[in-house]
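# Chains, contacts and geometry: an overview
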Amino acid sequence: RESVLSYVARRAASIFPLYAVALPVAAAFAKFRGELPSLRVLLLESWLLQAWVPSETEQCLQMQCWFLSCLVLYWALFRPLYRAISNIEHWGIVLGLLIFFFLAPWLVVIIPAHVGDLNWADRHAFGDNERTLDLAVVTLKFNPMCYGHVFIVGMLLARFRELIAGYAKKAAVVLTMDMLAPVAYVLLLAIFVVPSLRPPAPKLSARLSILLPLQSAILLGLAGLPRATPPVLGSLAMKVNFLERYSYAIYVMQFVCYHLWPYSTVNILFFIFLGLVAVLTVHTIQKPIEKLLAKSPHSIWLLPLFLSFFLVGLWALPEVKMHGEIADHITLEDMVVDIRLPLSDQLTQGRLINPSILFRDDGNVLVMTARRHRRTSRRLSEVRDGKQVSVVEDVWHSQILIGEQSIDPIEWDAWIRGGSSAKGAMAMPELKPWSGLTTPGDMHWNELCLREKWIPQNKTWLRLVVTGPEDSRVFQRFPTIGGPGVDIAFNSYPPLGRNGCPKGESVSQMYLAEGVDPTSPRTPTFGYHLSCGESDRPEKNWIPFEHKGGLFLVYSIQPHVVVEALQDGRCSKQHYSSFSPLVSLQAKYPSVAIRGSTQAILVDDPDATPRLRKPHYLALIHLVDVHTNQYAHFAYRFNYEAPFQILQVSSQLPLFAGRPDGASKQGFAFASGLALRNQQVIITYAAGDSDARALVMPLQRLDVMFADMGDVKLQQ
């Protein structure tokens, strides 16, 4: 008698060979792009366990294969369920059980409706796994236990079909079986086409098979009754049964083929290519391996073991540099290096960009923040004012991460000399999501104002959704106190209030959180609005700095406007000044905007800064051509005392530009952090939208860049 393990092994032979080929290929592509998931995720995928761990499910390489995790459980349960259902002798009992399981998915509608939050699952963004809400949504979307009712319904339908076989000769039954599938198809089509017919909370309820009665009708209507003439539609469907194996190959290979496709858009040629790959892999991989496994079914367990070893080895390999990518470590001149920051976090979805750093405890502790960013888009159909309209939704999945690490001076120097691959070089802090950031109303910082624009030419709404805070500046107002907390200034779209977003105020604004513990990012900390600017226009790129215990902000570069922030977020006295070289530059290049880039740091080292021996603040600015989006970065010094006038602007900083992912646009760099450690200046920046880097030089060398006291020169 075949054991459960043997049965599962035999059934797994029909799916695992192709999966075992597609997963390593997908992993190789991800490694090449620097997007390989964590080792934990890779091992879960190797053993088809990815759907069981909600924190990892949406981080997988082959996301579409999550249901294979479910099949393993259902095959293991098949024999006991089969015995139980086979013992049912009356079709009425089976029908009652079917109705029970048809009603089960309605719980995801009834319970949220009862508590007044029907669309609660919409607050989850794909890939997020920090909140209980995220884990709950992912569990309902993917966990095998949440789809067991679908598997049981399939077995009940088979038993129901057997029990009513005696009615096969009745004309009414024959007509019913012939009409069952066509009518169900028409109803499903109407539900998809007519918004008013759609079930409540459709994203989750439809996924959990709230439409299972119609889907069951299609299955029963296509199968017909035993020993009876097959229904008309079923007879036609039988002619394409040979496509079954190829459809599974398409299911597994679709994203592998997408990465092989040489164009950024797909057309009919892509689907022809996908079909050809499916046919090829079925006949050269799936069928031959399946025949071998038929002789030794338990050999199937060697495949996940092979996958595990292969993926662990791939994960352990050093990162692969793509052709044309900026090198890890570049020596520009003696003691001046440009180096890649080996940032890491616990999630693989998105890029870590725009790092900001702070040294404390005499340079022995490094605090770092960065932005995790990725973009997705989708096209929706919505009803507004009784009319059907199209909505193109662009989603920026954004989150600030933070971490802290002690620094060994020897390891730090080794890293500067040879990069992250050098022997004895230090690693960067492991960054964790700043999930403790909350609004003054004690809400998580993830429900923000949306930005929408109506395009009348094609009757389409363009919607921008940003899921969290964006660029951060980390600094410390009271370094002598010695507490764990740091301050973080950041820009973000405003959090939604009780009455939504005020008209015209869905624009980026500046916020501040005080006393953030980098070692405990889950600890609640409030972010409050810095209301120094205008609420109906974008406000960002402010430069925070500490002055005699107070928080000051450079609001504008030219004119140089500095304001003092009060504890409630309001701003008091403003200090105005002007710097004639920047005035001349702006007159020469009217399309160039001059903006702030980083936090400001106090410099009081006459020996290292002979061109400005008195105490002063050092910060960065960037110039951007609003027509071409070309960036140029400069350091600048401003006075220690009010009115904090600009004293000097450096020559242009040699930051490496990187191209945005998958684009042919102009490359760019964006400076995001500035720190000073033992007369060593560290400028952190992002090359393109993916490569986090640092320009490191002695303070004395930066001082030389202020030698030209004439006009600010912009390199073409």
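Before any of the text, the structure's been laid out above.
These remarks concern the structure in this document. (Residues numbered from 1 in each chain as written. Predicted model: local features only at pLDDT ≥ 70, side-chain atom pairs only at ≥ 80, totals over all residues. Heavy atoms only, no water.)

## Remarks on a nonpolar patch on the surface
- On the surface, a cluster of nonpolar side chains totalling about 830 Å² of accessible area is made up of Trp 91, Leu 95, Ile 99, Leu 103, Trp 106, Leu 107, Ile 110, Ile 111 and Tyr 167.
- Residue assignment for the nonpolar patch shows that the elements contributing at least two residues are α6 (91-103) and α7 (107-115).
- Broken down by element, the nonpolar patch gets its largest block of residues, 4 residues, from α6.
- Here Trp 106 shows up in the loop between α6 and α7. (Patch = residues over 30% accessible without salt bridge, like charges linked within 9 Å, V, L, I, M, F, W, Y side chains within 5 Å. Areas by Shrake-Rupley, 256 points an atom, 1.4 Å probe, with all protein chains shown as cover. Salt bridge = Lys/Arg side-chain N within 4 Å of Asp/Glu carboxyl O. Helix = DSSP H or I, 4+ residues; strand = E, 2+ residues; numbered from the N terminus.)

## Structural notes on the state of the cysteines
- For the structure shown, the criterion picks out 2 disulfides.
- A sulfur-sulfur separation of 2.2 Å characterises the disulfide bridge that pairs Cys 449 with Cys 501. Residues Cys 449 and Cys 501 are joined through a disulfide that is right-handed, its torsion about the S-S bond being 105°. Taken together, the residues Cys 449 in the loop between β8 (437-438) and β9 (451-455) and Cys 501 in the loop between β12 (486-492) and β13 (509-516) connect sequence positions 52 residues apart.
- At a sulfur-sulfur separation of 1.5 Å, the disulfide partner of Cys 532 is Cys 571. Placement of Cys 532 in the loop between β14 (525-529) and β15 (543-547) and of Cys 571 in strand β18 (residues 571-577) is noted, with a sequence separation of 39 residues between them.
- Taking relative accessible area as the criterion, Cys 532 reaches 12% and is therefore assigned buried.
- Each disulfide of the protein joins two cysteines, and with those cysteines numbered along the sequence the arrangement is 1-2, 3-4.
- Left without a disulfide partner, Cys 70 is nearest to the cysteine sulfur of Cys 146, which lies 8.8 Å away.
- Exposure remark for Cys 70: the relative accessible area of 0% places this residue in the buried category. (Disulfide = S-S within 2.5 Å. Buried < 20%, exposed > 50% of the residue type's maximum accessible area, 1.4 Å probe, protein only.)

## Thoughts on the nonpolar core
- Val 94, Leu 98, Val 153 and Leu 156 are the most contacted members of the largest nonpolar core, which has 48 residues in total.
- Those elements giving two or more residues to this core turn out to be α5 (67-86), α6, α7, α8 (132-142), α9 (148-163), α10 (171-193) and α12 (212-223).
- Tallying contributions element by element places α9 first for this core, with 8 residues.
- Non-local contacts of Val 153, meaning those with residues more than four positions away in its chain, are made with Leu 98, Phe 101, Phe 102, Leu 212 and Ser 216.
- Core analysis: the second largest hydrophobic core is formed by 42 residues, Ala 13, Ala 20, Ala 30 and Phe 270 among them. (Core = buried A, V, L, I, M, F, W, Y, C linked by side-chain atoms within 4.5 Å. Contact = heavy atoms within 4.5 Å.)

## What to know about the layout of surface pockets
- Size it by volume and the second largest pocket reaches roughly 1800 Å³.
- As for the second largest pocket, its lining consists of 47 residues, and the residues nearest its centre are Asp 122, Lys 203, Arg 378, Leu 380 and Glu 393.
- Mapped by element, the contributors of at least two residues to the lining of the second largest pocket are α8, α10, α11 (202-205), β5 (365-384), β6 (387-406) and β10 (460-466).
- Per element, the largest residue contribution to the lining of the second largest pocket is 8 residues, and it comes from β5.
- Looking at the lining of the second largest pocket residue by residue, the classes come out as 24 nonpolar, 9 polar and 14 charged. (1 Å grid on protein atoms, 1.4 Å probe; cavity = no way out; pocket = protein on both sides within 12 Å on 5 of 7 lines; lining within 4 Å. Points joined across faces, edges and corners; volume = space filled by probe spheres on them. Nonpolar A, V, L, I, M, F, W, Y, C, P; charged D, E, K, R; others polar.)

## Considerations on the sheet that holds β18
- In spatial order, the strands read β15-β16-β17-β18; together these 4 strands make up an open sheet with antiparallel pairing. Among the strands making up the open sheet, the edge pair consists of β15 and β18. The mean inter-strand angle of the sheet, taken between neighbouring strand axes irrespective of direction, is 30°.
- Note that strand β16 (residues 550-556) and strand β17 (residues 560-565) share 5 bridges and pair antiparallel. (Pairing = 2+ DSSP bridges. Axes fitted to C-alpha atoms, helices over the stretch in contact; angles between N-to-C directions.)

## Describing the environment of Pro 615
- Following the sequence through the fold, Pro 615 ends up in the loop between β20 (601-603) and β21 (616-625).
- Pro 615 gets classed as partly exposed once you look at its relative accessible area, which sits at 32%.
- Dropping the residues within four chain positions of it, Pro 615 is found in contact with Val 603, Asp 604 and Tyr 640.

## A short note on unusual backbone geometry
- Put simply, Gln 558 and Pro 559 share a cis peptide bond, and its omega is 0°.
- In this model, Ala 642 is joined to Pro 643 through a cis peptide bond whose omega is 10°.
- Looking at where Pro 643 falls in the secondary structure, it is placed in the loop between β22 (631-639) and β23 (646-652).
- Here Met 335, not a glycine, exhibits a phi torsion of approximately 75°, which is positive.
- Assignment of secondary structure puts Met 335 in the loop between β1 (329-333) and β2 (336-340).
- Residue Met 335 is classed as exposed on the basis of its relative accessible area, which comes to 56%.
- Backbone geometry at Phe 644 places phi at a positive 60°, although glycine is not the residue there.
- For Phe 644, the position within the fold is in the loop between β22 and β23.
- By relative accessible area, Phe 644 is classed as buried at 1%.

## Comments concerning the pattern of salt bridges
- As enumerated under the stated definition, the model contains 20 salt bridges in all.
- Note that Glu 162 is salt-bridged to Arg 159, the shortest N-O span being 2.9 Å. On the criterion of helical spacing, the pair formed by Glu 162 and Arg 159 is a turn pair, its members being 3 residues apart in helix α9.
- For Glu 162, a relative accessible area of 47% translates into the label partly exposed.
- Overall, the relative accessible area of 13% leaves Arg 159 in the buried class.
- With a closest N to O distance of 1.9 Å, Asp 328 and Arg 340 form a salt bridge. Placement of Asp 328 in the loop between α16 (302-316) and β1 and of Arg 340 in strand β2 is noted, with a sequence separation of 12 residues between them.
- When its relative accessible area of 27% is taken as the criterion, Asp 328 is described as partly exposed.

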